[in-house]
Amino acid sequence: MAQTIAVLDFGSQLTQVIARRIRECQTYSKIYHFATPAAQLRADGVIGIILSGGPQSVYAKTAPHPDPEVFKLGVPVLGICYGVQLMGHFLGGTVAHSKQREYGHGHLTIQKPGKLFAQLPRKLRIWNSHGDKLTKLPPGFVALGVSENSPYAAIADVKRGFYGIQFHPEVFHTERGVDMIRNFLVGVCGAQQDWTTKDFIAHAVEEIRAKVGKGRVLLGLSGGVDSSVAAALLHRAIGKQLTCVFVDNGLLRKGERDYVEALYARNFKIDLRIVDASKLFLRRLKGVTEPEQKRKIIGRTFVEVFEKTLKQIGRKAEFLGQGTLYPDVIESVSIAGNPAALIKTHHNVGGLPARMKLKLIEPLRELFKDEVRHVGATLGLPKEVVWRQPFPGPGLGVRVMGEITAQNLEILRNADAVLQEEMQASGYYWKVWQSFAVFLPVKTVGVFGDERTYDYVIALRIVESTDAMTADWAKLPYELLQRISSRITNEVRGVSRVVLDVSSKPPATIEWE
Ligand code: XMP
């Protein structure tokens, strides 16, 4: 059995980030309900416990408290933020209640590095977010470091292996925070750092098998990274008990459907059902030009088609697989403001599982995007899938301005294919966040050979970003832009002009609709 670090979750938005940092240190961790009995943790053989942060005051009526016995298990404990207040509260210190939260950057001055701060500089930038504050140390504890606002920014009872830090080592804004966590795992808990992506897969496979038994799982495969990796992982676990459904909504990129079929059905031998609903989508979109209305129609029609398909093929199915990730916590951007505001909600197929009495199975739900890519690569998915750019659910429907017609879609598809080819050939495809073409229903005059033309405009939208919340237009070499433009006007019938979108987000968005 893998060495396990237990993360007791006291309700912090950052609990999953702690788990992620532990994985970064090649160590297995499991998130437990805050009140999990100590006996359970002992039975699971945990080698260390991390008490997460949380929004409450330890004195609040509804404050989540751990089983006090966790402090008697004889394994090291690291309290983070609310976790350190719990240590103070349960181990005989004093915690002062404060109505105001201390929020933002601070500086840690390390007085006693010990094992927790081994090999680290004496002064480090840290990130705080807490209300209550420890004012008297519990017996046996000493201060390891101070900050502007606290003489007890870091504390320890080295004999028992108890450590507490007032700030958040798991966030990007705490300098060398991962090293602190690694020091706790390796230096204090004796973690061997042998947990790899392969182990994650083996573990996930076991869990899926245990949950699914002889049951059947249905999964909507979009071809994007998340559903692709979920499909590959579920297939590894349960093979033929998995059926994937790919809906062709008529708004796909050129060659997408064939690519998906070749990869999953022929290469991976996944039971893949392709549903061609393109005519239905186009019929419903006829005459519609308003962006939100387009999205609604596309979304509704998708759920309808998907549900109908599942009913047809899945009479005995019990599970609906989904490539849900841990809602993307944006770590690389400033974490100023409410951390909750930095969490994007993920989209799924609404109330469908409940309506169909399906149980959800989400094998990636604790992972972050980059971890999912590693899992996908380890499962043998090609680079083109694992590192592909995001593509919106409504597909080319939000990239054809004005009315969506078969003809406009065809022009856009061909122009976009040229763009993708050149982006991939030059390697820029992998360096930018997104690169795509947009169809503008505007006719302009041109000249082709000796003939006057009067054709449509294609806009190139190529952006750099780290999280899609903000974006800037990518400064590609002129030679590349020139090649893309001349190839599109030469090769794509119906286009006489190519323009480059040089707007950043904000105020523009990445997609045009
Ligand atoms: P915007 O246009 O809002 O896009 O700057 C931000 C990111 O989200 C993608 N996007 C969508 N993804 N369904 C999706 O699954 C949608 O309706 C949708 N709209 C935008 C967009 O491609 C970009 O990566």
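Residues numbered from 1 in each chain as written. Predicted model: local features only at pLDDT ≥ 70, side-chain atom pairs only at ≥ 80, totals over all residues. Heavy atoms only, no water.

A. Region of interest: the nonpolar core. Core analysis: the biggest nonpolar cluster contains 48 residues, and Leu310, Met423, Ile458, Leu460, Ile462, Leu476 and Ile488 have the highest contact counts within it. Those elements giving two or more residues to this core turn out to be strand S13 (242-248), helix H8 (278-285), helix H9 (291-313), helix H13 (406-426), strand S17 (434-448), strand S18 (451-464), helix H14 (478-491) and strand S20 (495-500). When residues of this core are assigned to domains, at least three fall in each of domain 2 (197-386) and domain 3 (405-500). With sequence-adjacent residues up to four places away left out, Met423 is seen in contact with Tyr428, Tyr429, Val432, Ser435, Ile462, Leu476, Leu480 and Ile484. If you look at the next biggest cluster of nonpolar residues, it comprises 41 residues, including Val205, Leu219, Leu252 and Val372. (Core = buried A, V, L, I, M, F, W, Y, C linked by side-chain atoms within 4.5 Å. Buried < 20%, exposed > 50% of the residue type's maximum accessible area, 1.4 Å probe, protein only. Helix = DSSP H or I, 4+ residues; strand = E, 2+ residues; numbered from the N terminus. Domains from an automatic or database assignment. Contact = heavy atoms within 4.5 Å.)

B. Structural view of the site of the ligand. For the ligand, the set of nearby residues contains 13 residues, the closest of which are Arg295, Gln434, Lys505, Ile510 and Glu511. At a separation of 2.3 Å, an oxygen atom of the ligand approaches a polar side-chain atom of Arg295. Within the side chain of Gln434, an N or O atom sits 2.8 Å from an oxygen atom of the ligand. For the ligand, whose unbound accessible area comes to 490 Å², protein coverage reaches 75%. Tallied by class, the residues present in the shell around the ligand amount to 6 nonpolar, 4 polar and 3 charged. (Near = heavy atom within 4 Å. Polar contact = N/O pair within 3.5 Å; in protein donor to acceptor, adjacent residues only side chain to side chain. Areas by Shrake-Rupley, 256 points an atom, 1.4 Å probe, with all protein chains shown as cover. Nonpolar A, V, L, I, M, F, W, Y, C, P; charged D, E, K, R; others polar.)

C. Structural view of the sheet that holds strand S4 (residues 77-80). Read across the open sheet, the 9 strands follow the order S2-S1-S3-S4-S11-S10-S9-S6-S7; overall the sheet is mixed. Both edges of this open sheet fall to strand S2 (28-33) and strand S7 (123-130), since each of them pairs with a single strand only. Ignoring which end each strand starts from, the neighbouring axes of this sheet average 30° apart. As defined by bridge partners, strand S9 (residues 142-147) adjoins strand S10 (residues 150-157) across 4 bridges and the pair is classed as antiparallel. Bridge pairing links Gly145 to Ala154 in S10. In the packing of helix H1 (residues 15-24) onto the sheet, contacts are made with strand S1 (4-9), S2, strand S3 (46-51) and S4, and the angle to S2 comes to roughly 160°. (Pairing = 2+ DSSP bridges. Axes fitted to C-alpha atoms, helices over the stretch in contact; angles between N-to-C directions.)

Keep in mind these numbers describe shape, not what the thing actually does.
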